Amino acid sequence: PSASSAIKAKGHGTVTAIDKTAGTITLDHDAIPEANWPAMTMAFKASPAITDTVKLGDKVDFDLTLTGSAGEVTAIAKQP
C-alpha cells in the first residue's frame, strides 16, 4: 500500500502512559503484523473518549489506524 493509504490494525498491550493534554496514549504492545512492527512501546494519538476509559497498567486490546509511521488508537477495551 502507498504511504498515504491508512492501514487498519489490531493489537494487544499494556497502557504505560496517558497524556490527555497532548492527546496521546502510550502502549507497550505485542508485535503488529499489519504494520510489520515488532513488539515495542509507542505513543499513539487518542481521543479523550479513548483515554478516559483506561488507566495506567491496564491490559488492553486496541484498534489502530496507521498512516505512514504514525498511528491513532480508534478503539480500546480492557482485557478481562
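No experiment lies behind these values; they were computed from the predicted model shown. Every chain's residues receive numbers from 1 upward, in the order its sequence appears when written. Only residues with pLDDT of at least 70 get local features here, since the model is predicted, and only at 80 or more are side-chain atom pairs given and counted; chain-wide, interface and lining totals rely on the full set of residues. Water and hydrogen atoms were dropped before computing side-chain values, which therefore reflect all heavy atoms in the structure.

Student: I keep staring at the pairing of strand 4 (residues 59-67) and nothing clicks. Help me out?
Tutor: Side-chain positions along a regular strand alternate between the two faces of the sheet. Each pair of strands is called paired provided DSSP finds at least two bridges between the two strands. A run of H or I in DSSP counts as a helix once it spans at least four residues, and a run of E counts as a strand once it spans at least two, with each numbered from the N terminus. Across eight bridges, the pairing between strand 1 (residues 7-19) and strand 4 is antiparallel. Looking at the pairing, Ile7 lines up with Leu66 of strand 4. One ladder, built from eight bridges, connects strand 4 with strand 5 (residues 70-78); its direction is antiparallel. In the sheet register, Asp61 faces strand 5, and the bridge partner there is Ala77.

Student: What is the right way to read the pairing of strand 3 (residues 40-46) from this model?
Tutor: Bridge count between strand 2 (residues 24-29) and strand 3: six bridges; the pairing is antiparallel. When the sheet's bridge partners are listed, Thr26 is paired in strand 3 with Ala43. Relative to strand 5, strand 3 runs parallel, the two being bridged by two bridges. Looking across to strand 5, one finds that Ala46 is bridged to Val73.

Student: Would you explain the pattern of salt bridges in this entry?
Tutor: Where charged atoms of side chains with opposite charge meet at close range, the side chains can pair. We define a salt bridge as a contact between a side-chain nitrogen of Lys or Arg and a carboxyl oxygen of Asp or Glu at a distance within 4 Å. In the structure shown here, the tally under the stated rule is four salt bridges. Asp52 is paired through a salt bridge with Lys20; the nearest N and O atoms lie 2.8 Å apart. Placement of the pair is Asp52 in the loop between helix 1 (48-51) and strand 4 and Lys20 in the loop between strand 1 and strand 2, with a sequence separation of 32 residues. Assigned by exposure class, Asp52 and Lys20 land together as exposed. Each of the salt bridges in this network shares a partner with another, and the network as a whole consists of Lys55, Asp58 and Lys78. A simple rule labels every residue: compare its accessible area, found with a 1.4 Å probe on the protein chains alone, to the largest value its type can have, and call it buried under 20%, exposed over 50%, or partly exposed in between.

Student: Mind showing me how you'd approach the side chain of Thr14 here?
Tutor: With respect to the helices, strands and loops of the structure, Thr14 is situated in strand 1. Not counting residues up to four positions away in its chain, the partners in contact with Thr14 are Thr26, Leu27, Asp28, Gly57, Asp58 and Lys59. Between two residues, a contact is recorded if the distance between any of their heavy atoms is within 4.5 Å.

Student: What am I meant to see in the confidence of the model for the chain here?
Tutor: Detailed reading of the predicted coordinates is not advisable wherever pLDDT falls low. Summing up the model confidence of the chain, the mean pLDDT is 92 and the portion of residues at 70 or higher is 95%. Each residue carries a pLDDT score, the predictor's own confidence in it, on a scale running from 0 to 100. When pLDDT is averaged over each helix and strand of the chain, the minimum, 94, is found for strand 5 and the maximum, 98, for strand 2.

Student: How should I be thinking about the sheet that holds strand 4 in this particular structure?
Tutor: Pairing between sheet strands relies on hydrogen bonds along the backbone, with the strands arranged either parallel or antiparallel. Spatially, five strands are ordered 1-2-3-5-4 in a closed barrel, and the strand pairing comes out mixed. Going across the sheet, the axis of each strand differs from the next one's by a mean of 55°, ignoring polarity. Fitted lines through C-alpha atoms serve as axes, helices being fitted only where they are in contact, and the angles separating the N-to-C directions of these axes extend from 0 to 180 degrees.

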